[in-house]
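# Chains, contacts and geometry: an overview
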Number of protein chains: 2
Amino acid sequence: MPSLTDQIETFIAQHQLAPGERLPPERALASTLGVSRSRLREAIQQLISRGIIVSRRGGGNFVADGSADLALEQALRPLQPLAQAEGGYWHDIMEIRKSLETDAAYYAALRANDDDRQRLTKALAAVCAGAADPAAQSRADAAFHMAIAEASHNLVLAQVISGLFDLLKISITESLGKLHKLPDTVDALNDQHQKIVDAILAGRAEDARRAAADHLTFVESSLRRIEDDAARARRAGALRSTHSQEGILP
Amino acid sequence: MPSLTDQIETFIAQHQLAPGERLPPERALASTLGVSRSRLREAIQQLISRGIIVSRRGGGNFVADGSADLALEQALRPLQPLAQAEGGYWHDIMEIRKSLETDAAYYAALRANDDDRQRLTKALAAVCAGAADPAAQSRADAAFHMAIAEASHNLVLAQVISGLFDLLKISITESLGKLHKLPDTVDALNDQHQKIVDAILAGRAEDARRAAADHLTFVESSLRRIEDDAARARRAGALRSTHSQEGILP
DNA sequence: CCTCAAAATTCGGTAGGACCAATTTTGAAG
DNA sequence: CTTCAAAATTGGTCCTACCGAATTTTGAGG
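The residue numbers shown here count from 1 along each chain, following its written sequence. In the order they appear in the text, chains get letters beginning with A and ligands get numbers beginning with 1. The model is predicted, so local features are restricted to residues of pLDDT at least 70 and side-chain atom pairs to those at 80 or more, both for listing and for counting; the totals for chains, interfaces and linings are taken over all residues. Excluded from the side-chain calculations are hydrogens and water; all other atoms, namely the structure's heavy atoms, are used.

### Details of the overall build of chain A
If you tally the helices and strands in chain A, you get eleven helices and two strands. Helix numbering and strand numbering both begin at the N terminus, where a helix is a DSSP run of H or I of at least 4 residues and a strand a DSSP run of E of at least 2. Reading chain A from its N end, one meets helices and strands in the order α-α-α-β-β-α-α-α-α-α-α-α-α. Expressed as a percentage of its 250 residues, the buried residues of chain A come to 46%. Only the protein chains shown count as covering a residue, and every accessible area follows the Shrake-Rupley method with a 1.4 Å probe. Summed over all atoms, the accessible surface of chain A reaches about 12,300 Å², with 51% contributed by carbon and sulfur. Burial classes follow relative accessibility: with a 1.4 Å probe on protein chains only, a residue under 20% of its type's maximum area counts as buried, one over 50% as exposed, and anything between as partly exposed.

Right, here's the structure in full:
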């Protein structure tokens, strides 16, 4: 007994409704799904609040453009309780990322097509160029890793990694003001990113996996050092200004 | 002008409603907010989907106590439509399982405590004992693998694997009638399960990882063979009765 | 024919009533 | 005071009706 929202999402999937396309009128859709318009509307409201559907009064209901940053911003709102939880989950998340993203790099090296390679190089350039805004830099990092995940041509893998990024962003925005920027980190990260892309573009799957593993191990240890420093600073009671910047999701 | 959902949240704040406390009945609340119950309910549905409110049929609406589990569940929500999509994604899912579950076995070997070991041996016994009902056997298999995931003491990992099982269950029930039971499969699976548990209980992390990898590779190849057979049977146009049974989630 | 504004239709937004099923409360019997 | 069935409460669903915005159709004027 799938929920009505799931039924609607299934309807969208089965009818190949691309973002921007219109759903059937509520009265008709309610009829085809065998429910009343009241109930259908309650379900649609949920999908609207999730950013899956946008509604235009008098016009119709449409599949939302998933590209909007707003959708992402909204996706991480309900995760706030997790961010406030003791310690956070980033240790757990990093462990999983090491599993999933190394495999993503591996499969990307095996399966990437020309489109994927083009997107990958573009994303790499964007993340290396850097951005003044830390949030923008984080987005660029996430986009880079998502490009790898999508190049793996494993939809479920891409979805899971995307979900993990949503979780990570929370802890980032939460502790952004408390993090230190480590010296030489940016250069090291760019170098690691480059190595991953090189291996993928060359189709060297095992190299890609190893490069991704090295990268994530480095990120994890850096984050751990940052956390330790923060803890030490808290213990010392010292409150000096911190210049936290990009590199959180590298 | 604030949205109705905001008005409701304001109402909760102004009336000092702590998590677990009850909101006024919908009819009364709609009256005090000056809207119809239809509209109020649509707003409440949004708050429910955000995890801010929980509803008990016949009981009332209550302020939810925001838990981390809910946040995780919502982060992985976009996976649901994939499960019901045409063709199924079990290839993709198996790839991810190979990533995640090998790591789960690895970490379980490192971190399992006495409770975990006890649950693990019990789950192993249950899955080896077998069950007449295929659905029950699938549940036992899933429980076994979840026990490993929980023993890894990585909450996010356990949650993701649990979500993947939900996905798999759907594709199983979808194609249950079309699958063949392969000879000698059950014995092989039990043997593999035993090897995994042995390694975990002994704390041999790398062995556990390898055993899990072997197991999942075997499962994937078996499933692939089943799929190929089914395709061949379809091509031949032969419609003989198929005895699909357990072993789908082993 | 074409243009374009008015009219008709479509469609989401809201209101209100009715009934069902699960829960909670009530109150009479023991 | 306890027990337990009846009654009131409450969320879940369906229905009908109407409004206003957006879209489509119409048809008069060029």
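### Notes on the pattern of salt bridges
Whenever Lys or Arg places a side-chain nitrogen within 4 Å of a carboxyl oxygen from Asp or Glu, that contact is recorded as a salt bridge. Going through the model one piece at a time under the given rule, you end up with 27 salt bridges over all chains. The partner of Glu95(B) in a salt bridge is Arg111(A), with the nearest N and O atoms 2.3 Å apart. Taken as a pair, Glu95(B) in helix H6 (residues 90-111) and Arg111(A) in helix H6 (residues 90-111) lie in two separate chains rather than in one. Here Arg111(A) falls in the partly exposed class, since its relative accessible area comes to 31%. Through salt bridges that share partners, Glu26(A), Arg37(A), Arg41(A) and Glu42(B) make up one connected network.

### Things to note about the protein's contact with DNA strand D
What surrounds DNA strand D is a group of 24 residues, the closest being Ser38(A), Arg56(A), Glu26(B), Arg37(B) and Arg41(B). Among the atoms of DNA strand D lying within 4 Å of the protein, the sugar-phosphate backbone contributes 68%. One nitrogen or oxygen atom from the side chain of Ser38(A) is found 2.6 Å from a base nitrogen belonging to DNA strand D. As used in this structure description, the phrase polar contact means that two N or O atoms lie within 3.5 Å; if the pair is within protein, one of them must be able to donate a hydrogen and the other to accept it, and residues adjacent in sequence are counted only when both atoms belong to side chains. Here a phosphate oxygen of DNA strand D and a backbone polar atom of Glu26(B) are 2.8 Å apart. Counting residues per element, the ones that place at least two in the surface near DNA strand D are helix H3 (37-49) of chain A together with helix H2 (26-33), helix H3 (37-49), strand S1 (53-56) and strand S2 (60-63) of chain B. It is H3(A) that contributes the most residues to the surface near DNA strand D, three residues altogether. Its residues assigned to classes, the surface near DNA strand D comprises three nonpolar, nine polar and twelve charged. Proximity criterion: a residue is near a molecule or strand once any of its heavy atoms comes within 4 Å of it. In this classification, Asp, Glu, Lys and Arg are treated as charged, Ala, Val, Leu, Ile, Met, Phe, Trp, Tyr, Cys and Pro as nonpolar, and every other residue, Gly included, as polar.

### Describing the protein's contact with DNA strand C
Not every one of the 23 residues close to DNA strand C is listed here, only the nearest: Glu26(A), Arg37(A), Arg41(A), Arg56(B) and Arg57(B). Among the atoms of DNA strand C lying within 4 Å of the protein, the sugar-phosphate backbone contributes 67%. A distance of 3.0 Å separates a base oxygen of DNA strand C from a polar side-chain atom of Arg27(A). Of all the secondary-structure elements, those providing two or more residues to the surface near DNA strand C are helix H2 (26-33), H3, strand S1 (53-56) and strand S2 (60-63) of chain A together with H3 of chain B. Looking at which element gives the most residues to the surface near DNA strand C, the answer is H3(B), with three residues. Each residue belonging to the surface near DNA strand C can be placed in one class, and the counts come to two nonpolar, nine polar and twelve charged.

### Overview of helix H7 (residues 114-129) of chain B
All names here are of chain B. The end-to-end C-alpha distance of H7, which contains 16 residues, comes to 23 Å, matching closely the 22 Å that a straight helix rising 1.5 Å per residue would cover. Taken as a whole, H7 has its buried residues at Asp116, Leu120, Ala123, Leu124 and Val127. Taken down its axis, H7 places every buried residue within 105° of arc, on the same side. Turned more than 90 degrees away from the buried face of H7, the exposed residues are Asp114, Lys122 and Ala129. By the N-cap criterion, in which a side-chain oxygen at the helix start approaches the backbone nitrogen of a residue two or three places on, H7 is capped by Asn113, the distance to Asp115 being 3.0 Å. Working rule for helices: expected span equals 1.5 Å times residues minus one. Note: the arc covers the axis-to-C-beta directions of the helix.

### Quick word on the packing of aromatic side chains
Residue and element names in this part refer to chain A. Any pair of Phe, Tyr and Trp rings, taking the six-membered ring for Trp, is counted once the centres come within 6.5 Å. Such a pair is stacked with planes under 30 degrees apart, edge-to-face with planes over 60 apart, and tilted for the rest. Here the structure, examined in full by the defined rule, presents two aromatic pairs over all chains. Where Tyr106 meets Tyr107, the ring centres are 5.3 Å apart and the plane angle is 80°; that geometry is what we call edge-to-face. Residue Tyr106 shares its accessibility class with Tyr107, and that shared class is buried. Its end group placed over the ring of Tyr106, Arg209 keeps NZ or CZ at 4.1 Å from the ring centre. Whether a charge sits over a ring depends on NZ of Lys or CZ of Arg being within 6 Å of the ring centre and within 35 degrees of the ring normal.

### Brief notes about the pairing of S2(A)
Taking every second residue as pointing to the same face, both faces of S2(A) are buried, with Gly60(A) and Phe62(A) on one and Asn61(A) and Val63(A) on the other. If DSSP finds at least two bridges between two strands, the strands pair. Between S1(A) and S2(A), which pair antiparallel and follow one another directly, the connecting turn spans three residues, one of which, Gly58(A), has a positive phi of 80°.

### Brief notes about the nonpolar core
The term nonpolar core refers to a set of buried residues drawn from Ala, Val, Leu, Ile, Met, Phe, Trp, Tyr and Cys, joined through side-chain atoms within 4.5 Å. Of all hydrophobic cores here, the largest spans 75 residues; its most connected members are Leu100(A), Ile148(A), Ile200(A), Leu100(B), Ile148(B) and Ile200(B). With residues up to four places along the chain from it excluded, the contact list for Ile200(B) reads Ala105(B), Ala108(B), Ala109(B), Ala112(B), Arg117(B), Leu120(B), Ile148(B) and Ala208(B). The criterion used for residue contact is that any of the two residues' heavy atoms lie within 4.5 Å.

### Quick word on the confidence of the model for chain A
Residue and element names in this part refer to chain A. Looking at any residue, its pLDDT shows the predictor's confidence there, from 0 to 100. Taken as a whole, chain A shows an average pLDDT of 78; of its residues, 75% reach a score of 70 or greater. Counted against residues more than four places away or in other chains, residues 67-84, with its pLDDT under 50, gives 29 contacts. Segment residues 238-250 is flagged for pLDDT under 50; beyond a separation of four residues in sequence, or across chains, it makes 41 contacts in the model. Taken over the whole predicted complex, pTM reads 0.67, whereas the ipTM for its chain interfaces reads 0.63.

### Details of unusual backbone geometry
Even without being a glycine, His153(A) presents a positive backbone phi close to 55°. Positive phi outside glycine occurs at Gln16(B), with the angle close to 55°. If you trace the backbone, Gln16(B) turns up in the loop between helix H1 (4-14) and H2. Using a relative accessible area of 65% as the deciding quantity, one classes Gln16(B) as exposed.

### A few points about the packing of H2(A) against H3(A)
Residue and element names in this part refer to chain A. Geometry is summarised by axes, namely lines fitted to C-alpha atoms with helices restricted to the contacting stretch, and by angles between N-to-C directions that run from 0 to 180 degrees. Contact geometry for H2 and H3: axes closest at 9 Å, N-to-C directions at 105°. Looking at the two axes, H2 sits roughly perpendicular to H3. Side by side, H2 and H3 meet where Glu26, Arg27, Leu29, Ala30 and Leu33 of the first sit next to Arg37, Leu40, Arg41 and Ile44 of the second. For the contact of H2 with H3, the residue count by class is five nonpolar, no polar and four charged. Angles below 35 degrees are treated as roughly parallel, those above 145 as roughly antiparallel, those between 65 and 115 as roughly perpendicular, and all remaining angles as oblique.

### Considering the packing of helix H1 (residues 4-14) of chain A against H3(A)
All names here are of chain A. It is the contact of H1 with H3, at a shortest axis distance of 9 Å, that shows an interaxial angle of 75°. In terms of orientation, H1 and H3 fall into the roughly perpendicular class. In this structure, H1 uses Leu4, Thr5, Ile8 and Glu9 to contact H3, whose residues at the interface are Arg39, Leu40, Ala43, Ile44, Gln46 and Leu47. Partitioned by chemical class, the residues of the contact of H1 with H3 number six nonpolar, two polar and two charged.

### Points about H3(A)
Residue and element names in this part refer to chain A. Helix length check: H3 (13 residues) gives 18 Å between terminal C-alpha atoms against 18 Å at 1.5 Å per residue, within 8%. The complete set of buried residues in H3 reads Leu40, Glu42, Ala43, Ile44, Gln45, Gln46, Leu47 and Ser49. Among the residues trailing H3, Gly51 stands out with phi positive, at a value near 80°.

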